[in-house]
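# Summary of structural features
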Amino acid sequence: MSSRIEMLGMLGCGDRDGDGRTMTAVSLLVGMVLFVAASAAAQGPQTAAPPAESDAEPAPSAPDQVDVEPVAADEQISTRLTRILDATEWFEDPRVAVDEGVVFLSGRTDAKQHQEWAAQLAANTQDVVAVVNRIEVTVPSMWDLSPAWTALHELGAETVQNSPLIAVGLFLLVAAWLAARWSVRAVDLLFRRRIKSQLLRNVTARAAAVPVFLFGLYIVLKVSGLTRLAVTVLGGTGLVGLVLGFAFRDIAENFLASILISMQNPFARGDVIDVAGHTGFVRSVNTRSTLLMTLEGNHVQIPNATIYKETITNFTANPYTRIDFTVGIGYEDSVTRAQSVAEAVLREHQAVVGEPEPMVLVEELGAATVSLRIYFWVDIVNYSLLKVRSSVIRMIKAEFERAGISMPDEAREVVFPHGVPVHMMSENDAVTARHDRETSDAKKRGGGAEESLPIHSADEDLESEAGEIEQQARASRSPESGEDLLES
């Protein structure tokens, strides 16, 4: 400051022999310029605040201008910049060389933004024409774990500082979970008498518990200082649900089908149904599939979506089921008599119901027989369908033989390419054959081996095999665990 004042005095006391007024004006102008420069220099150097040492932050901004001296010399610029770089402690061995206003920066630093900051600082320095940035960015070794330890240390410090908030948040989270469970129980008790389906009650109760838990989660995030995350959780619930809906489309489809099945009740536990080519007893229905046990004792799991879309044949919904089969009699036999014999067997059979009445109808005239189709109804709740059908066929055959009604086989054409061999019987052979034929006719008229059998036997087991299947099902391992929706 004193040197500037002395210079101002010297300029003010210039050559008085020349044009006095001109020199005085020049002296005043130079003095004003020097005074302004001195005032600006007295305000101190302007340096930029060092940025945070984080790679994620943007590069720091250098000051718009660094004043050194009016018409600063290269040495002054170099000295000033070197001091500033040393003061930041960001650079290792920083060196600044200035030649004709061109600044050459060299040294090493750990961050790219520090390198850019030094170049911007030099460019904004007074009387700098250009900047050549030769500062190297040091790449840390892959075995350098200091950043990780630093991050862990900072995380530990933040955890200790936020431990009270974490404890409160955990307490509120547990409270929200308990409140959601209590709401499930409350809604289940409220709708127990109004909604008969257990699945619908479960879905309704859980749907009511979701808002309770979400509200509790929002309070937890709010208390923890994660307000933005809390808003994101509540606002993004619909989007998350949409994404999960596409990702788990089949699971959602089976779940919705289980709800519809539970509402419509197309079958009950123990019913014999046929669906998607599988026939068996219904064992259970859960939120994913329906479990059948086939008549062979095998477990079959069918997705509920398939159950809902396919045609279901329920053999147990109506306790009576009609069975039919065909039997052929000879053309020489009386059709009316054969019908009467078959109807008598059906009326007296213990497993055949009287209403609806059984029928014996003529179906067609075959090549060698008159085909009769026999219809009758069976109580499948108490009797086995397969056993009763077998018993009725056996007894009708026995009654036809007793009544002398023939049941010939279909006619077949037999070709003898080398002719038919003829063997002449002796008189003794003819007598023997005649005796055998008469004995056979007598057996037909008097009754065959099955003559002694009654129309139905009390010892014959015709009961339904549902109990045996149920016993096997209890002894077997269930292939899929889960809540049975058929349980009331």
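In the block above lies the structure referred to throughout.
Presented here is an overview of the structure given in this document. (Residues numbered from 1 in each chain as written. Predicted model: local features only at pLDDT ≥ 70, side-chain atom pairs only at ≥ 80, totals over all residues. Heavy atoms only, no water.)

## Brief notes about unusual backbone geometry
Residues Glu355 and Pro356 are joined by a peptide bond in cis, for which omega reads -5°. Along the chain, Pro356 falls in the loop between α12 (335-348) and β10 (359-365). Positive phi, normally seen in glycine, also occurs at Glu100, with a value near 55°. Checked against the element boundaries, Glu100 lands in the loop between β1 (91-99) and β2 (102-109). Classification of Glu100 as exposed rests on a relative accessible area of 65%. The phi dihedral of Asp127 falls on the positive side, at around 65°, and the residue is not glycine. Within the secondary structure, Asp127 is located in the loop between α4 (112-123) and β3 (130-137). (Helix = DSSP H or I, 4+ residues; strand = E, 2+ residues; numbered from the N terminus. Buried < 20%, exposed > 50% of the residue type's maximum accessible area, 1.4 Å probe, protein only.)

## Notes on the sheet that holds strand β5 (residues 278-285)
Strand order in the open sheet formed by five strands is β7-β6-β5-β4-β8, and the pairing between neighbours is antiparallel. The two strands at the open ends of the sheet, each matched to only one other strand, are β7 (299-303) and β8 (313-314). (Pairing = 2+ DSSP bridges.)

## A look at the pairing of strand β11 (residues 370-379)
Counting buried positions over the 10 residues of β11 gives nine, a clear majority of the element. As judged from the 10 bridges shared by strand β9 (residues 320-329) and β11, these two strands associate in the antiparallel manner. Note that in β11 the partner of Gly328 across the bridge is Ser371. The pairing of β10 with β11 spans six bridges and is classified as antiparallel. Its bridge partner lying in β11, Met359 is registered against Tyr375. Two successive antiparallel strands, β10 and β11, enclose a turn made up of four residues.

## Re the sheet that holds β3
Strand order in the open sheet formed by three strands is β1-β2-β3, and the pairing between neighbours is mixed. Strands at the two margins of the open sheet, each flanked by one partner only, are β1 and β3. Between one strand and the next, the sheet's axes are offset by a mean angle of 10°, whatever the strand orientation. Along the sheet, helix α3 (residues 74-88) makes contact with β1 and β2, crossing β1 at roughly 165°. The sheet strands contacting α4 are β1, β2 and β3, and the helix crosses β3 at an angle near 160°. (Axes fitted to C-alpha atoms, helices over the stretch in contact; angles between N-to-C directions. Contact = heavy atoms within 4.5 Å.)

## Let's talk about the packing of α3 against α4
For any two helices packed against each other, the geometry comes down to the angle between their axes and how far apart the axes lie. The interhelical angle for the contact between α3 and α4, taken along N-to-C directions, is 150°, at an axis separation of 11 Å. In terms of orientation, α3 lies roughly antiparallel with respect to α4. Remark: the crossing between α3 and α4 carries right-handed chirality. Two secondary-structure elements touch here, α3 through Leu81, Ile84, Leu85 and Thr88 and α4 through Trp117, Ala118, Leu121 and Ala122. When grouped by side-chain class, the residues that make up the contact of α3 with α4 number seven nonpolar, one polar and no charged. (Parallel < 35°, antiparallel > 145°, perpendicular 65-115°, else oblique. Left-handed = near helix turned anticlockwise from the far one by under 90°. Nonpolar A, V, L, I, M, F, W, Y, C, P; charged D, E, K, R; others polar.)

## A look at the packing of aromatic side chains
Overall, the coordinates contain three aromatic pairs when judged by the stated rule. Measuring from centroid to centroid gives 6.5 Å for Trp90 and Phe91, while their planes differ by 55°, and the two rings are tilted. Considered together, Trp90 and Phe91 belong to a single accessibility category, that of buried residues. Their ring planes at 75° and their centres at 6.2 Å tell us that Phe325 and Phe376 sit as a pair that is edge-to-face. Note that Phe325 is positioned in strand β9 and Phe376 in strand β11, a separation of 51 residues in sequence. Classification of Phe376 by relative accessible area gives buried; the value is 0%. Following the ring pairs from residue to residue traces out a cluster consisting of Trp90, Phe91 and Trp117. (Phe/Tyr/Trp six-rings, centres within 6.5 Å; stacked < 30°, edge-to-face > 60°.)

## Details of the nonpolar core
By size, the foremost hydrophobic cluster in this structure holds 24 residues, and its most contacted members are Ile374, Phe376, Val392, Ile396 and Phe400. For this core, the elements supplying multiple residues, two or more each, are β9, α12, β11 and α13 (385-402). Excluding residues that lie within four positions of it along the chain, Val392 makes contacts with Phe325, Leu346, His349, Val352 and Phe376. Of all hydrophobic cores here, the second largest spans 16 residues; its members include Leu85, Phe91, Ala118 and Ile135. (Core = buried A, V, L, I, M, F, W, Y, C linked by side-chain atoms within 4.5 Å.)

## Regarding the pattern of salt bridges
Summed over all chains, the structure comprises eight salt bridges. In this structure, Arg108 and Glu92 form a salt bridge, with 3.1 Å as the shortest nitrogen-oxygen distance. Of this pair, Arg108 sits in strand β2 while Glu92 sits in strand β1; the two residues are 16 residues apart in sequence, bridging distant segments of the chain. Between Glu253 and Lys309 there is a salt bridge; the shortest N-O distance is 2.7 Å. (Salt bridge = Lys/Arg side-chain N within 4 Å of Asp/Glu carboxyl O.)

## Some words on the side chain of Ser183
Tracing the chain through its elements places Ser183 in helix α6 (residues 163-190). Judged by its relative accessible area of 14%, Ser183 is buried. Residues contacting Ser183, with those up to four places away along its chain left out, are Ala208, Ala209 and Val212.

## Concerning the packing of α12 against α13
At a minimum axis separation of 10 Å, α12 and α13 run at an interaxial angle of 135°. If you check the angle between α12 and α13, you find them oblique. Along this stretch, α12 crosses α13, giving a crossing that reads as right-handed. Of α13, the residues touching α12 (which contributes Ala338, Val341, Ala342, Val345 and Leu346) are Val392, Met395, Ile396, Glu399 and Phe400. Looking at the contact of α12 with α13, its residues break down into nine nonpolar, no polar and one charged.

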